Amino acid sequence: MKFFRRYVGAATIAPDWEEWDRPGIVPYSPDRKDLAEVLNGALAAFGTNGDQPHPGVIEGREYIDRHLRLPHLNGMRWRVLNALAAVAG
């Protein structure tokens, strides 16, 4: 269980592309080949004992809670359906 607790909350490191431009993602530039530098910086953000989630994980979880949970998405779907029903008359 110690292994599990140590690595839960790891940061997501992804290419600096539009589809990955989300809160909590640690971007790297594939053109510049700076992945190792970004990885070392992300690891340093954990501190010395690794018992806390990466700051990007906290930011990403907040974004998910506000924008990607089912109650929010279902509300958006409901508004679209109502708008379509109004157009269809």
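These figures come from a predicted structure and were not determined experimentally.

A.B. asks: Can you lay out helix 4 (residues 70-88) for me, pointing to particular residues and giving the numbers?
C.D. replies: Helix length check: helix 4 (19 residues) gives 26 Å between terminal C-alpha atoms against 27 Å at 1.5 Å per residue, within 8%. Here helix 4 lies mainly on the outside; zero of its 19 residues are buried. The positive-phi residue at the C-terminal boundary of helix 4 is Gly 89, with phi of around 75°.

A.B. asks: Tell me about the pattern of salt bridges, and name the residues and values.
C.D. replies: By the definition in use, this model includes two salt bridges. Between Arg 66 and Glu 62 there is a salt bridge, with the nearest N and O atoms lying 4.0 Å from each other. With Arg 66 and Glu 62 both in helix 3 (residues 55-67), this residue pair falls four residues apart, about one helical turn. We note a salt bridge from Asp 65 to Arg 69, for which the minimum N-O separation is 2.8 Å.

About the cut-offs
Residues numbered from 1 in each chain as written. Predicted model: local features only at pLDDT ≥ 70, side-chain atom pairs only at ≥ 80, totals over all residues. Heavy atoms only, no water. Helix = DSSP H or I, 4+ residues; strand = E, 2+ residues; numbered from the N terminus. Expected span 1.5 Å × (residues − 1). Buried < 20%, exposed > 50% of the residue type's maximum accessible area, 1.4 Å probe, protein only. Salt bridge = Lys/Arg side-chain N within 4 Å of Asp/Glu carboxyl O.

On their own, these measurements won't tell you what the molecule is for.
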